[in-house]
Structure formats: C-alpha cells, structure tokens
Amino acid sequence: MTDKNRKSITNELAAALGDEANAVENELNAFHNWMRTKGKNPDRQKPLSNSISTNYYRRIDQIFRFVIGRIEPADATVITHDQADLIVKWLDQNDICQRNGDPYQETSKRKFSNALIKYFTWQHDQRGDAEQWRPRISFSDGEHENADRLNFEERWKVLQAANEYGSLPSYYETTETEREKISSLVAQRLGKPKTEVTRKDWERADTSTKVGSLIAVTLETGIIPIEVGRARTDWYKSNRNILKITKDDAGKDRPTSELPLTDATGDLLSEWIQERRHYEKYDGTNHLWLNREGNPYNSKNLCYLLRRLCEEAGIDHEDRKIVWYSLRHNLGQSIEETEDISQARDQLRHKYIETTKQTYGESTIESRRHTLEQITDVSQRAAEDPEFNPYADDPVQPDPTPRNESSHSSEHAHGDHIDVFIDDTQDDRVEIARKILSEEL
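What counts and how
Residues numbered from 1 in each chain as written. Predicted model: local features only at pLDDT ≥ 70, side-chain atom pairs only at ≥ 80, totals over all residues. Heavy atoms only, no water. Helix = DSSP H or I, 4+ residues; strand = E, 2+ residues; numbered from the N terminus. Buried < 20%, exposed > 50% of the residue type's maximum accessible area, 1.4 Å probe, protein only. Contact = heavy atoms within 4.5 Å. Areas by Shrake-Rupley, 256 points an atom, 1.4 Å probe, with all protein chains shown as cover. Pairing = 2+ DSSP bridges. Axes fitted to C-alpha atoms, helices over the stretch in contact; angles between N-to-C directions. Parallel < 35°, antiparallel > 145°, perpendicular 65-115°, else oblique. Left-handed = near helix turned anticlockwise from the far one by under 90°. Nonpolar A, V, L, I, M, F, W, Y, C, P; charged D, E, K, R; others polar. Core = buried A, V, L, I, M, F, W, Y, C linked by side-chain atoms within 4.5 Å. Expected span 1.5 Å × (residues − 1). pLDDT = per-residue confidence, 0-100. Salt bridge = Lys/Arg side-chain N within 4 Å of Asp/Glu carboxyl O. Polar contact = N/O pair within 3.5 Å; in protein donor to acceptor, adjacent residues only side chain to side chain. Phe/Tyr/Trp six-rings, centres within 6.5 Å; stacked < 30°, edge-to-face > 60°. Lys NZ or Arg CZ within 6 Å of the ring centre and 35° of its normal.

- The name given to the chain in an unreviewed UniProt entry is Tyrosine-type recombinase/integrase, with Halorubrum tibetense as the source organism.

As structure tokens, then:
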C-alpha cells in the first residue's frame, strides 16, 4: 500500500546526490514523520501541523542543495552544525538568493533557520548523543514586526473604501456565458426580472462585495496573507456566524480555531459567497477569494490592495509601512484598548497564551463578537465626529447616571466592610438581614 504521507525529494536534490538519493529520501521521510507525530514537543508527543511539517521538509531539501552546490562535502547525506552556520551566514549576507536573483525576505530567512533548528532537534531526539544547534544570527518575523497599525478612524475609513471598491466586469468584455450569470446577479441586486436587465442596469449594480468582505473579515479575525490565499467557503459557518480555520490551513500553530464575526460582517460574507457563484473564475474551486487574475491572493497583492484602499480613503501611507499585517495589528490593539488582552490573544490566535488562559480562561465567542461590535462603533464615531476621542474612558457607552442623582447613592457607597460566616439556612439568612436593617452589624 502506498503511504500518502510519504514525501519525495526534489529531482534537483536526487540528481546532486546520485546513488545516495534513496538513503537521504528515507532519512527526510523519517524526519517528516517525526514532525507529524511529535515535532512540536517531543517530550509531550505533540505533533506539528501537516502544512508546517511539509514546509520544513521542503526547506531542508533546499538546504541540502545549498550545501552540496556550495561546499561539496565529503558526506552529502547529512547536514552538520558548521554547514548550518555557513548557510545562515550566507542568508544573512544575501549570498544565497532566490532563483530570480532577488535576496530572500527576512521572513524566509527565519523559516530556513527554523527548519534547521527542527532538523537538529530531530537528530537529537532520535540519537540522543547529537548536540542541539542554535543559530548565531537571529532573523525577525519581517513584515509584521515593523508594520504600522491603523487607528480607529482609519479602520473605519478603510472598511468603507473596501465596501465601495471593485466592480462588475465591463458589459462588453464578458463572454455570453458570464454575461448570463452576471445578469442574474444584477437582476437579484435590483429586484427585477432577469429578462429585463440592460447595460444601464449593470452600471447601477456596479458594486461587488468581494473586497468589502475580505477587509471586513480580516479586520475582525486578523487572518494573515497565507490564510487569505488558503481561505475556503467552508471556513464560514453561517449557522454560528464564525470563521473556523483548521490546523492544517492556519499559517502557524494556533490554539484557537473558531473566530466570531459581527452580524454585519457575517451578512457581507454571506452575500459575497452568493455573488462569487456568478463568476467563471470561481467555477470548480472553493477558494473564498481570488485576485483579478483568478489566483489565490499572496502578501504582495494584498499589500498593494490595502495601499490602494488607503488612497481611496484619503489615508496617507507614504511615510508609513502599511502592509496587510497593519490590519491584524489594528485588531489586536483595538480589542486590547476596548476590552482586555485575553480577548485580543484569543481572537489573534497567539500560541503564547497559556498563562493568560490558565488565569482567566478562554474568552467566549459571544464576548469577542460583542467586543468587535464595540470596535466598529468606536471606529465609525472616530471617523464621523472630529471631536470624538476614542481613547477616552468608556468612549462607547457614556455614564447614563445624572450627576444630581449620584450624590444620594454615594452616601451609602463607602460603608464598613464586614467579614462574617453565615450558614446557608433560611433562619440564618432572615436573622442576618434583620441585624443589617437594625444596624446591629
């Protein structure tokens, strides 16, 4: 029987290894299986997700090719610590580049380094006597560490720009089949029979919910570029109004998979899921969003889209690093300022949440949904009212109690504190109530 989880090394590596190819492929398959069974925490037998395991496997394949091509080692079947140190040094100095000649991004360099750490952890776990390895150079997470976040006002403006962004294809640039489908959509939007739809009706209905739903969902869930590219229609659970991301689909190992949406965003996403059925490029695929060319989104075109939206919204981004992670940073900061850090970590699916969870427990989906609704209210008010301060105490719900009514209640607000044990019987409760009313206590 064929093992569906078995991986094959690249043809380039097989050619470079020659007679040793089978041995290395078997070793790397053992490495891959180890990651999928206990690679996250060998002592506790916790596995890595399939996507991360595969990513590390492929990067180690690349590193083997780097070593063979540059160092020509006597033994090409293993990677040594000295070789790993050289690879990291060359990556840092951009001596190792992509096929097109461009240097690797900081994030990619970090992933190569992490793959080497995992490779040597596997060797140590399997052989015991193998020493652990740690890189001498640390690479940052790149894009998201330096991203500038949007403020409350900018959050609302970007959302509104997204809702108005995008349009139906030109009437004269569509095929007859696509025109037939889109005419059905136009008829649905305008509430008229499909047979009566005209070119002018297309102009009236010239608004798509694709970009609006993409931005709204990202502002409320913080999904990262790789997750946008992987997003599928079955992620959305309309009966609970949540986005559910599986472990294999998540960009990193995440402790939380169910992310609540506000009613407005849920309605917008449902509308887009209906709309996308009318476009030919979505035929035969369950990708939730595809770019203009019909391909899954990536970091480059998502960042371009966000900057376009900033321009549409009148948000200056010339001297700021506005990238897709700016939306995620806005979500985390907004939740923390509106509610608390526990909810922010739950909604952002941070893996370093254990201590907070042990103290407070995981915040509920409904409480996080309520917080998202509060953030939307604050963002709208910040955009529409120049005098509104979103950072003032309790900006959403001002104190409804009139000052002239509060003075009377405050007379009893600072009474004596009493520590007393009361048996839970009716007679004891009646007795303590009598004593309190008679001021005996």
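Additional details are given in the paragraphs that follow.
## Quick notes on the overall build of the chain
And then number 1: The helix and strand tally for the chain stands at 19 helices and three strands.
And then number 2: For the chain, the proportion of its 441 residues judged to be buried stands at 42%.
And then number 3: Taking contacts inside the chain between residues at least 6 apart in sequence as the whole, the part at least 24 apart equals 63%.
And then number 4: Carbon together with sulfur atoms contributes 44% to the accessible area of the chain, which is approximately 24800 Å² in total.

## Some remarks on the sheet that holds strand β2 (residues 242-244)
And then number 1: Read from one edge to the other, the open sheet built from three strands follows the order β1-β2-β3, with strand pairing classed as antiparallel. Each end of this open sheet is capped by a strand with a single partner; those strands are β1 (236-237) and β3 (258-260).
And then number 2: Where β2 meets β3, three bridges bridge the pair, whose relative direction is antiparallel. Bridge assignment links Leu-243 to a residue of β3, and that residue is Leu-259.

## Digging into the packing of helix α10 (residues 210-221) against helix α12 (residues 263-275)
And then number 1: As a packed pair, α10 and α12 sit with axes 9 Å apart at the nearest point and diverge in direction by 140 degrees. By the criterion of interaxial angle, the relationship of α10 to α12 is oblique. Our pair here, α10 against α12, has a crossing hand that is left-handed. Touching Lys-210, Gly-212, Ser-213, Ala-216, Val-217 and Glu-220 of α10 are Thr-265, Leu-268, Leu-269, Trp-272 and Glu-275, all from α12.
And then number 2: For the contact of α10 with α12, the per-class residue count stands at five nonpolar, three polar and three charged.

## Examining the nonpolar core
Grouped burial of nonpolar side chains is what soluble globular proteins tend to show.
And then number 1: If you look at the biggest cluster of nonpolar residues, it comprises 54 residues, and the most contacted ones within it are Ile-215, Leu-269, Trp-289, Leu-309 and Trp-324.
And then number 2: Listing elements by their share of this core, those giving two or more residues are α7 (152-164), α8 (176-190), α10, α12, α13 (299-313) and α14 (325-338).
And then number 3: With near-sequence residues (within four places) excluded, Leu-269 lies in contact with Ser-213, Val-217, Tyr-236, Leu-243, Leu-261, Leu-288 and Trp-289.
And then number 4: In this structure, Ile-9, Ile-52, Ile-60 and Ile-68 belong to the second largest nonpolar core, which totals 36 residues.

## A look at helix α4 (residues 81-92)
Residue pairs spaced three or four apart in an α-helix point in one direction, given the helix's 3.6 residues per turn.
And then number 1: Its twelve residues place the ends of α4 17 Å apart at the C-alpha level, agreeing with the 16 Å of an ideal helix rising 1.5 Å per residue.
And then number 2: When we look at burial in α4, the residues that qualify are Gln-83, Ala-84, Asp-85, Ile-87, Val-88, Trp-90 and Leu-91.
And then number 3: Buried residues along α4 sit against α3 (50-70) and α5 (106-127).
And then number 4: Backbone geometry just after α4 places Asn-94 at a positive phi near 60 degrees.

## Side note on the confidence of the model for the chain
And then number 1: Looking at the chain, the pLDDT average stands at 79 and 74% of residues meet or exceed 70.
And then number 2: Summarising per-element confidence for the chain, the mean pLDDT is lowest in helix α16 (residues 354-360) (37) and highest in helix α1 (residues 11-17) (95).
And then number 3: Predicted confidence is poor over residues 353-361, with pLDDT under 50, and the contacts of this stretch with residues over four places away or in other chains come to eleven contacts.
And then number 4: Here residues 437-441 is modelled with pLDDT under 50, and outside its nearest four sequence neighbours on either side it reaches six contacts, counting other chains as well.

## Re the packing of α4 against α5
And then number 1: Interhelical geometry of α4 versus α5 gives an angle of 170 degrees and a closest axis separation of 10 Å. Relative to α5, the element α4 lies roughly antiparallel. Between α4 and α5, the residues in contact are His-81, Ala-84, Val-88, Leu-91 and Asp-92 and Lys-109, Phe-112, Leu-116 and Phe-120, respectively.
And then number 2: Here the contact of α4 with α5 is composed, by residue class, of six nonpolar, one polar and two charged.

## Observations regarding the pattern of salt bridges
And then number 1: Enumeration according to the criterion identifies eleven salt bridges in this entry.
And then number 2: Salt-bridge contacts for Asp-234 lead to Arg-232; the nearest nitrogen and oxygen are separated by 3.0 Å.
And then number 3: Judged by relative accessible area, Asp-234 falls into the partly exposed class, the value being 37%.
And then number 4: A cluster of three or more residues bridged by salt bridges with shared partners is formed by Arg-232, Asp-234 and Asp-249.

## With respect to the environment of Asp-85
And then number 1: Relative to the assigned elements, Asp-85 resides in helix α4.
And then number 2: Here the alpha-carbon distance between Asp-85 and Arg-134, two residues 49 residues apart in the chain, equals 8.9 Å.
And then number 3: The residues touching Asp-85, leaving out its near neighbours within four places in the chain, are Trp-133 and Arg-136.
And then number 4: A polar contact is formed between the side chain of Asp-85 and the side chain of Trp-133, at a distance of 2.9 Å.

## Considering α5
And then number 1: Between the first and last C-alpha of α5 there are 32 Å, a value that for 22 residues agrees with the 32 Å anticipated at 1.5 Å per step.
And then number 2: Directly after α5, the chain includes Gly-128, whose backbone phi takes a positive value near 75 degrees.

## So, the packing of aromatic side chains
And then number 1: One pass over the full model with this rule turns up eleven aromatic pairs.
And then number 2: With 6.4 Å between their ring centres and 85 degrees between their planes, Phe-64 and Tyr-119 make a pair best called edge-to-face. Within this pair, whereas Phe-64 is found in helix α3, its partner Tyr-119 is found in helix α5, the two being separated by 55 residues in sequence. In terms of burial, Phe-64 and Tyr-119 fall into one category: buried.
And then number 3: Members of the aromatic cluster, joined through ring pairs, are Phe-31, Trp-34, Phe-64, Tyr-119, Phe-120, Trp-122 and Trp-133.
And then number 4: Here the basic side chain of Arg-59 rests over the ring of Phe-112, its NZ or CZ set 4.8 Å away from the ring centre.
And then number 5: Between Arg-70 and the ring centre of Trp-90, over which it is positioned, the NZ or CZ distance is 5.0 Å.

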